[in-house]
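# A look at the structure
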Amino acid sequence: MTETEVRERVRSLLQKIHPDDPGATAVDFRGVQFDHGLAFASYPEGLGGLGLSPKMQSIVNDELQQNAKTFYENLAINPIGIGMGAPVLLTYGKDEGKREMLRRIFTGEDIWCQLFSEPSAGSDVAGLSSRAVRNGDDWVVNGQKVWTTLAHVSKWGMLVTRTDPDVPKHDGLSYFLLDMESPGVECRPLYQITGEAEFNEVFLNDVRIPHSRMLGEEGQGWRVAITTLMNERSALGGGASRKGGGPVSLLLKLLQESKVSRSKVEQALLEDRITRLYIRAEMLRLTTLRARATQRSGNPGPEGSVGKVAQSELYQQVWETCIDVLGEDGLIYELGYELRRPGDITSLRSGNDDDETRRLQAKYQLLRSQANTIEGGTSEIMRNILGERVLGLPGEPRVDKNIAWKDVPRG
Ligand SMILES: Cc1cc2nc3c(=O)[nH]c(=O)nc-3n(C[C@H](O)[C@H](O)[C@H](O)COP(=O)(O)OP(=O)(O)OC[C@H]3O[C@@H](n4cnc5c(N)ncnc54)[C@H](O)[C@@H]3O)c2cc1C
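Along every chain, residues carry numbers that run from 1 in the direction the sequence is written. It should be noted that, the model being predicted, local features are given only for residues of pLDDT at least 70 and side-chain atom pairs only at 80 or more, the latter also being counted only at that level, while totals for whole chains, interfaces and linings use all residues. Heavy atoms from the whole structure form the basis of all side-chain values; hydrogens and water molecules are not counted.

The next point concerns the overall build of the protein chain. What counts as a helix is a DSSP run of H or I of at least four residues, what counts as a strand is a run of E of at least two, and both are numbered from the N terminus. Secondary structure assignment for the protein chain yields 13 helices and 8 strands. Here the radius of gyration uses the C-alpha set of atoms, whereas the globule reference equals 2.2 Å times the residue count to the power 0.38. Its C-alpha atoms give the protein chain a radius of gyration of 22 Å, within 12% of the compact-globule value 22 Å for 411 residues. Expressed along its principal axes, the backbone C-alpha trace of the protein chain runs to roughly 70 × 55 × 45 Å. Considering only contacts in the protein chain between residues 6 or more positions apart, those separated by 24 or more positions represent 73%. Once the 50 positive and 57 negative side-chain charges of the protein chain are each reduced to a mean point, those two points are 4 Å apart. The contact criterion used throughout is that any non-hydrogen atoms of two residues lie within 4.5 Å. Here Asp and Glu are counted as negative and Lys and Arg as positive; His is not counted, and neither are the chain ends. Throughout, a charge is located at the NZ atom of Lys, the CZ atom of Arg, the CG atom of Asp or the CD atom of Glu.

We call a pair of cysteine sulfur atoms a disulfide when they lie within 2.5 Å. Evaluated as defined, the whole model comprises 0 disulfides. The thiol of Cys187 is unpaired, and the distance to the nearest cysteine sulfur, on Cys113, comes to 7.1 Å.

The next subject is the domain arrangement of the protein chain. Each domain span listed reflects an automatic or database assignment of domains. Domain annotation of the protein chain identifies domain 1 (3-72), domain 2 (112-219) and domain 3 (229-390). For domain 1 versus domain 2, the separation of C-alpha centres amounts to 33 Å.

The next point concerns helix H10 (residues 304-326). One less than the number of residues in a helix, times 1.5 Å, gives the span that helix is expected to have. The terminal C-alpha atoms of H10 lie 33 Å apart, and with 23 residues this matches the ideal 33 Å at 1.5 Å per residue to within 8%. Phi for Gly327, located one or two positions after H10, is positive at around 70 degrees.

The subject of this paragraph is the pattern of salt bridges. A pair is scored as a salt bridge if a Lys or Arg side-chain nitrogen falls within 4 Å of a carboxyl oxygen belonging to Asp or Glu. Under the defined criterion, the tally for this structure stands at 31 salt bridges. The shortest N-O distance in the salt bridge between Asp166 and Lys406 comes to 3.6 Å. Here the residue Asp166 occupies a position in the loop between strand S4 (156-162) and strand S5 (173-179), and Lys406 occupies one in the segment after helix H13 (379-390), the gap between them amounting to 240 residues. Per-residue accessibility, obtained with a 1.4 Å probe over protein chains only, is compared with the maximum for each type, and a residue is labelled buried under 20%, exposed over 50%, and partly exposed between these values. Asp166 gets classed as partly exposed once you look at its relative accessible area, which sits at 48%. If you follow the salt bridges from partner to partner, you end up with Glu3, Arg7, Arg11, Asp62 and Glu63 in one network.

What follows concerns the packing of helix H1 (residues 3-16) against helix H3 (residues 56-67). Angles here are taken between N-to-C directions and fall from 0 to 180 degrees, while the axes themselves are lines fitted to C-alpha atoms, restricted in helices to the stretch in contact. Between H1 and H3, the least distance of the axes is 9 Å, while the angle of their chain directions is 45 degrees. With respect to their mutual orientation, H1 and H3 come out oblique. Pair H1 / H3 crosses with right-handed handedness. When H1 is examined against H3, the residues Glu3, Val6, Arg7, Val10, Arg11, Leu13 and Leu14 are found in contact with a partner set consisting of Met56, Ile59, Val60, Asp62, Glu63, Leu64, Gln66 and Asn67. Of the residues assigned to the contact of H1 with H3, the class counts are 8 nonpolar, 2 polar and 5 charged. In what follows, roughly perpendicular refers to angles from 65 to 115 degrees, roughly parallel to angles under 35, roughly antiparallel to angles over 145, and oblique to any angle outside these ranges. Each helix crossing is assigned a hand: it is left-handed if the near helix lies turned anticlockwise from the far helix by less than a right angle, otherwise right-handed if that turn is clockwise. Each residue receives one of three labels: charged for Asp, Glu, Lys and Arg, nonpolar for Ala, Val, Leu, Ile, Met, Phe, Trp, Tyr, Cys and Pro, and polar for the others, Gly being one of them.

Taking 1.5 Å as the rise per residue, helix H7 (residues 221-236) with 16 residues should run 22 Å; its terminal C-alpha atoms sit 22 Å apart, in good agreement. Every buried residue belonging to H7 is among Gly221, Val224, Ala225, Thr227, Thr228, Leu229, Met230, Asn231, Glu232 and Arg233, and all of these are buried.

What is expected of a backbone is that most residues other than glycine have negative phi and most peptide bonds are trans. The backbone phi angle of Trp147 is positive, close to 60 degrees, even though this residue is not glycine. Note that Trp147 resides in the loop between strand S3 (138-145) and S4. Backbone geometry places Leu150, a non-glycine residue, at a positive phi of 60 degrees. Within the secondary structure layout, Leu150 lies in the loop between S3 and S4.

What makes a residue near a molecule or strand is one non-hydrogen atom of that residue sitting within 4 Å of it. The immediate surroundings of the ligand are formed by 19 residues, with Ser117, Ser123, Trp147, Thr378 and Glu380 found nearest. For this analysis, a polar contact is any N or O atom pair within 3.5 Å, provided that within protein one partner can donate a hydrogen and the other can accept it, and provided that sequence-adjacent residues contribute only side-chain to side-chain pairs. At a separation of 2.9 Å, a nitrogen atom of the ligand approaches a polar backbone atom of Trp147. Between the ligand and Asn384 there is a distance of 3.3 Å, counted from a nitrogen atom to a side-chain nitrogen or oxygen. For every accessible area listed, the method is Shrake-Rupley and the probe measures 1.4 Å; residues are considered covered only by the protein chains on display. Within the complex, 69% of the 970 Å² of free accessible area of the ligand lies under protein.

A few words now on the packing of H10 against helix H12 (residues 355-368). Contact pair H10 / H12: the axes reach a minimum separation of 9 Å and the direction vectors enclose 135 degrees. The angle between H10 and H12 places the two elements in the oblique class. Note on packing geometry: the crossing formed by H10 with H12 is left-handed. Along its contact with H10, which presents Trp319, Glu320, Cys322, Ile323 and Leu326, the element H12 presents Arg359, Ala362, Lys363, Gln365 and Leu366. Among the residues forming the contact of H10 with H12, the class breakdown is 6 nonpolar, 1 polar and 3 charged.

On to the packing of aromatic side chains, then. Here a pair means two rings of Phe, Tyr or Trp (six-membered ring of Trp) with centres within 6.5 Å. Their orientation is stacked below 30 degrees between planes, edge-to-face above 60, and tilted elsewhere. Per the stated rule, a full pass over the model turns up 6 aromatic pairs. With a centroid separation of 4.6 Å and 15 degrees between ring planes, the pair formed by Phe40 and Tyr43 is classed as stacked. Measuring from centroid to centroid gives 5.3 Å for Trp147 and Phe199, while their planes differ by 55 degrees, and the two rings are tilted. One end of the pair, Trp147, is in the loop between S3 and S4; the other, Phe199, is in strand S7 (residues 199-210), and 52 residues separate them in sequence. The rule is short: NZ of Lys or CZ of Arg within 6 Å of the ring centre and within 35 degrees of the ring normal puts a charge over the ring. The ring of Trp156 has Lys155 sitting right over it, with the charged end atom 5.5 Å from the ring centre. Looking at Arg188, its charged tip hangs above the ring of Phe203, at a distance of 4.2 Å from the centre.

By nonpolar core we mean a set of buried residues, namely Ala, Val, Leu, Ile, Met, Phe, Trp, Tyr and Cys, connected to one another through side-chain atoms within 4.5 Å. Counting 32 residues, the largest nonpolar core has Phe40, Trp112, Phe116, Met158, Tyr175 and Leu177 as its most contacted members. Elements supplying a minimum of two residues to this core: helix H5 (79-92), helix H6 (98-107), S4, S5 and H7. Looking at this core, you find at least three residues from each of domain 1 (3-72) and domain 2 (112-219). Not counting residues up to four positions away in its chain, the partners in contact with Phe116 are Val125, Leu128, Lys145, Met158, Val160, Tyr175, Ala225, Thr228 and Leu229. Ranked by size, the runner-up nonpolar core spans 19 residues in total, among them Leu255, Val318, Cys322 and Leu326.

Written out as structure tokens, the structure is:
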């Protein structure tokens with residue numbers, strides 16, 4: 001399909017259903033978008049795609065943005081389901097029920113979460129200690145997960161757990177789709193610097209999972225986990241879709257609206273700093289486009305870590321500069337710190353385009369962006385991956401590589 005044909009297909013979708021149609025919900029619209037093959041353009045026909053090159057998805061999004069006043073953002077609807085669950089399901093899922101699950105991910109009817117990190121296993125997630133033991137046609141899981149974003153509203157969790165402690169850590173893991181409504185799954189909120197509880201502790205007490213819900217083979221969970229993580233990093237490092245878009249555009253608007261009095265020199269230095277950030281944002285956008293153009297199909301590789309580390313560090317600096325532009329007003333956090341669940345934040349992220357919303361967004365994002373260099377793998381871990389897997393530098397010493405997990409000394 002050519003670019004023109006893809007754009008025509010989007011227009012035919014909008015003739016069938018439009019986000020502004022009376023009574024049409026995001027779920028209705030996105031369901032029809034999926035059926036048109038415009039949800040995941042590179043996926044096979046029937047599974048939400050048309051078998052196109054991955055870069056065609058940005059043509060779809062662009063056309064939707066231009067012609068539909070309401071554009072539903074994937075990352076606001078089901079970030080983990082769309083960014084990670086869908087590609088993992090496409091790669092490792094069994095045919096039975098796959099289409100329906102992918103459709104419900106895209107519409108946001110089923111929210112997904114990622115049950116990887118544990119209290120003593122974050123960067124070293126392969127060292128995790130939750131356990132699954134086979135019992136007839138089921139596995140029985142016990143353990144604790146932590147930092148599990150959206151677990152409290154999720155239908156499905158991507159769970160990595162240990163099924164064999166007698167082999168080295170990477171070889172004894174298996175990967176399951178866990179129905180989060182199963183007996184024995186308990187979520188407790190964790191409170192963040194923004195005042196929200198976006199993530200949770202998840203306790204698994206004798207949770208039964210049918211063997212048929214294992215993705216990949218027994219003991220191959222690490223492979224499936226890597227596919228998940230590569231997609232996560234790629235989703236977290238996508239950059240803005242338009243030149244001058246994303247956080248930098250908010251920074252520019254705040255500068256235009258600023259009433260803070262500055263000397264000529266202060267103003268010139270601030271503008272110089274913002275120009276540098278703008279240039280870096282544009283480099284990130286072009287690098288992402290180039291990476292997408294070379295990726296013909298399938299899952300992203302370690303180069304996704306380039307975008308992840310570049311974007312997370314850049315955006316932190318952009319939000320810090322926004323606060324500097326706001327001056328003293330930047331020190332007041334009107335949203336408050338009482339514990340709340342995300343939902344409020346969604347309206348803030350895609351809220352009104354007025355100066356009041358922009359001020360609040362900048363203040364909220366300065367706090368939220370501190371997590372960007374931790375979530376999905378810290379910047380230190382991203383640099384290790386880049387050094388070893390992209391640049392081919394010597395690896396870190398790994399003393400537990402050939403030892404059975406149960407024999408690795410731990411505190
Ligand atoms: C907002 C947010 C959402 C999250 N959502 C999820 C989720 O949905 N599901 C999930 O499973 N997890 C989630 N996480 C957890 C996240 O993946 C981990 O926090 C992250 O991988 C780091 O692990 P850790 O917190 O245990 O830190 P640690 O691994 O203990 O790291 C501590 C410090 O040591 C450094 N370090 C560790 N090892 C090395 C090394 N080999 N070389 C150099 N430096 C090193 C780290 O960079 C870091 O600075 C989330 C985290 C955040 C902040």
